[in-house]
Amino acid sequence: MSAGPAGAGGLGFHLTEEQEMLRRVVRDFAAKELTPEYLRELDATGRAPHAELLPKMARLGFTSLAVPPEYGGAGGSTVDATVLLEEMGRASLSIASLLNFAIGFGTHTIVRFGTEEQKRHFLPRVCAGEMVFAFSLTEPGAGSDAASLQTRAVAEGDHFVITGTKMFTTGAAESGCLLVATRTDPRAPKHKGISLFLVDPRTPGITYRRIEKLGMRGAGGLYEVHYDGVRVPRSALLGPLHGGWAAIKATLERVRLSQAAYCVGCAQRVVDDAVRYAQEREQFGQPIGAFQAISHMLVDLQVSTDAARLLLYRAAWLVDQGIPCMKEASMANLYATEALVRVTSDAMRVYGGYGFTLEFDIQRHFRDARLFVIGDGSSQIQRNLIARMMGLGERRREGT
Ligand SMILES: Cc1cc2nc3c(=O)[nH]c(=O)nc-3n(C[C@H](O)[C@H](O)[C@H](O)COP(=O)(O)OP(=O)(O)OC[C@H]3O[C@@H](n4cnc5c(N)ncnc54)[C@H](O)[C@@H]3O)c2cc1C
């Protein structure tokens, strides 16, 4: 999968031995810990699995994979992280997303933009499975247009005081640290007056309202978060004052690849399960998979899944080579997330009436999949970004 050393032809469509081993370790972990009963229970109750799963994932090295060795991690590549998240997505989108709140969101941002003190404080705790981050970006009036955010952080001596409301912060109340995007210079053009802060979720002045959701119910709660005069020290600033947009963009770009990875993993799982069902279920005296209408549909789903996987690993490989690949990462995200919606929707038909019942897991995959064509840049926003990188579409106007 373009991950190992390139062969004479220039492309290496294989994983290294270590990456194959990582895949097997994740698969064994999932078989033992993420049983169908456990995942159904998480979905039914919506309770947070952090405390029981993160230490186990830490013991296997999953939470430290992306952390540099000097802070206790394995210093793995983007392709390594892609293998891990793809395989975890094969087991559960919710648990892959939970893992990504450890290795993707804050960790990546701190490694790239954090001070030495912030790295030494947070990264070993991530490695130990003691905490994940939550990303508090979206607001009631700033969704797709995230840079129009209004939450204010005002300097007061050696502190900042944060006031505002954030919408849809996944896992906020269960996290070890909130990554909060704020406006620090209201007079600057909107992308330029933004700063990021690392905030303890238990700081006085923060309150949470839990919002029930359709899917991804095992990934932690979904919250509206109110920041009411929340005092944080100046040392909580992540990246440059007023220069937070670059860190937000870098975080979202990384998360787009992570999302694509677990969507590909889930899509493959759904196709495999549907193929097995089509081989076993008989109607008119033969397996339904013998009917061309069913087999061709499943072929199309496998082709989409493979195409998504190729786009994904190309983008991950480009990141590891240090080659700019914003367009390729957005394309991988767009294709994988839309493929998963198509795969879960069409695969459901293979199960007939059983697919519509809560006794089969396809309905959970169908519900979970819907998030990824919305969250962290909807399909429409991905297309806008790609169009812009192709020299098309609306231009961003200074000050808007
Ligand atoms: C389960 C869940 C978890 C989430 N987790 C987090 C989280 O952890 N942290 C966080 O900060 N946010 C999170 N979000 C928020 C998510 O990122 C936003 O919902 C998303 O960015 C879209 O914003 P919005 O919901 O306000 O929709 P809007 O921006 O209002 O969009 C509504 C529709 O208009 C379309 N649209 C908007 N602008 C354009 C345009 N220029 N061109 C074409 N179409 C356009 C959109 O594609 C969409 O179809 C989460 C959301 C959900 C549902």
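What exactly am I supposed to notice about the packing of helix α3 (residues 50-59) against helix α5 (residues 93-103) here?
For any two helices packed against each other, one specifies the crossing angle of their axes together with the interaxial distance. In the contact formed by α3 and α5, the axes pass within 11 Å of each other and the chain directions differ by 70 degrees. Looking at the two axes, α3 sits roughly perpendicular to α5. Crossing handedness for the pair α3 and α5: right-handed. The residues of α5 that touch α3, namely those facing His50, Leu53, Leu54 and Met57, are Ile95, Leu98, Leu99 and Ala102.

In this structure, what is going on with the site of the ligand? I would like to understand it.
Inspection of the region around the ligand gives 20 residues, with Leu137, Gly143, Ser144, Thr170 and Ser378 positioned closest. Broken down by secondary-structure element, the contributors of at least two residues to the shell around the ligand are β1 (133-136), β3 (159-170) and α12 (379-389). Broken down by class, the residue content of the shell around the ligand amounts to 8 nonpolar, 10 polar and 2 charged. Split by domain, the residues of the shell around the ligand number at least three in each of domain 2 (134-242) and domain 3 (246-389).

Just to check I follow, could you spell out unusual backbone geometry for this structure?
Most peptide bonds take the trans configuration, and most residues that are not glycine carry a negative phi. For His242, which is not a glycine, the phi torsion comes out positive at approximately 65 degrees. With respect to the secondary-structure elements, His242 resides in the loop between β8 (237-238) and α8 (244-280). On the basis of neighbour counts, which here come to 14 C-beta atoms within 10 Å, the residue His242 falls in the partly exposed class. With phi around 55 degrees, Asp376 is a residue other than glycine that occupies positive phi space. Looking at where Asp376 falls in the secondary structure, it is placed in the loop between α11 (362-369) and α12.

It is not clear to me how helix α10 (residues 326-350) should be interpreted in this structure. Could you clarify?
With 25 residues, α10 should cover 36 Å at 1.5 Å per step; its first-to-last C-alpha distance of 36 Å lies within 8% of that length. The positive-phi residue at the C-terminal boundary of α10 is Gly352, with phi of around 55 degrees.

When you look at the pairing of strand β4 (residues 177-183) in this model, what are you seeing that I'm missing?
Consecutive side chains along a regular strand alternate between the two faces of the sheet. Most of β4 is tucked away: 7 of the 7 residues are buried. Relative to β4, β1 is paired through 4 bridges, and the arrangement is parallel. When the sheet's bridge partners are listed, Ser136 is paired in β4 with Val180. Where β4 meets strand β5 (residues 194-199), 6 bridges bridge the pair, whose relative direction is antiparallel. Bridging across to β5, Arg183 finds its partner in Ile194.

Looking at this structure, how should I read the packing of α5 against α8?
At a minimum axis distance of 10 Å, the contact between α5 and α8 shows a crossing angle of 155 degrees. Judged on the interaxial angle alone, α8 and α5 are roughly antiparallel. Between α5 and α8 lies a crossing whose hand is right-handed. When α5 is examined against α8, the residues Leu93, Ala96, Ser97 and Asn100 are found in contact with a partner set consisting of Val255, Ser258, Tyr262, Gly265 and Cys266.

Would you mind going over the nonpolar core with me for this structure?
For soluble globular proteins, the rule of thumb is that nonpolar side chains tend to be buried together. Of all hydrophobic cores here, the largest spans 117 residues; its most connected members are Leu99, Leu179, Phe197, Ala267, Leu312, Ala332 and Ala336. Looking at which element gives the most residues to this core, the answer is α8, with 16 residues.

Teacher, can you tell me more about the environment of Gly171 here?
Of note, Gly171 is situated in the loop between β3 and β4. The sequence separation of Gly171 and Leu65 amounts to 106 residues, and the corresponding C-alpha distance is 21 Å.

What am I meant to see in the environment of Asp376 here?
C-beta crowding within 10 Å serves as the criterion here: with 22 such atoms nearby, Asp376 is assigned to the buried category. Filtering out sequence-adjacent residues up to four positions away, Asp376 remains in contact with Leu252, Val255, Arg256 and Gln259.

Could you clarify how one ought to interpret the domain arrangement of the protein chain in this entry?
How big an interface is tends to be stated in terms of the accessible area lost upon association of its parts. In terms of domains, the protein chain is made up of domain 1 (17-131), domain 2 (134-242) and domain 3 (246-389). For domain 1 and domain 2, the distance between their C-alpha centroids amounts to 23 Å. The interface of domain 1 with domain 2 comprises 26 residues on the first partner and 18 residues on the second. Counting residues per element, the ones that place at least two in the side of domain 1 that touches domain 2 are α2 (36-45), α5, α6 (105-113) and α7 (116-127). The element best represented in the side of domain 1 that touches domain 2 is α5, accounting for 6 residues. Here the side of domain 1 that touches domain 2 is built from residues that sort into 13 nonpolar, 9 polar and 4 charged.

Cut-offs applied
- Residues numbered from 1 in each chain as written.
- Predicted model: local features only at pLDDT ≥ 70, side-chain atom pairs only at ≥ 80, totals over all residues.
- Axes fitted to C-alpha atoms, helices over the stretch in contact; angles between N-to-C directions.
- Helix = DSSP H or I, 4+ residues; strand = E, 2+ residues; numbered from the N terminus.
- Parallel < 35°, antiparallel > 145°, perpendicular 65-115°, else oblique.
- Left-handed = near helix turned anticlockwise from the far one by under 90°.
- Contact = placed C-beta atoms within 7 Å.
- Near = placed C-beta within 6 Å.
- Nonpolar A, V, L, I, M, F, W, Y, C, P; charged D, E, K, R; others polar.
- Domains from an automatic or database assignment.
- Buried ≥ 20, exposed ≤ 12 C-beta atoms within 10 Å, placed from the backbone.
- Expected span 1.5 Å × (residues − 1).
- Pairing = 2+ DSSP bridges.
- Core = buried A, V, L, I, M, F, W, Y, C linked by C-beta atoms within 7 Å.

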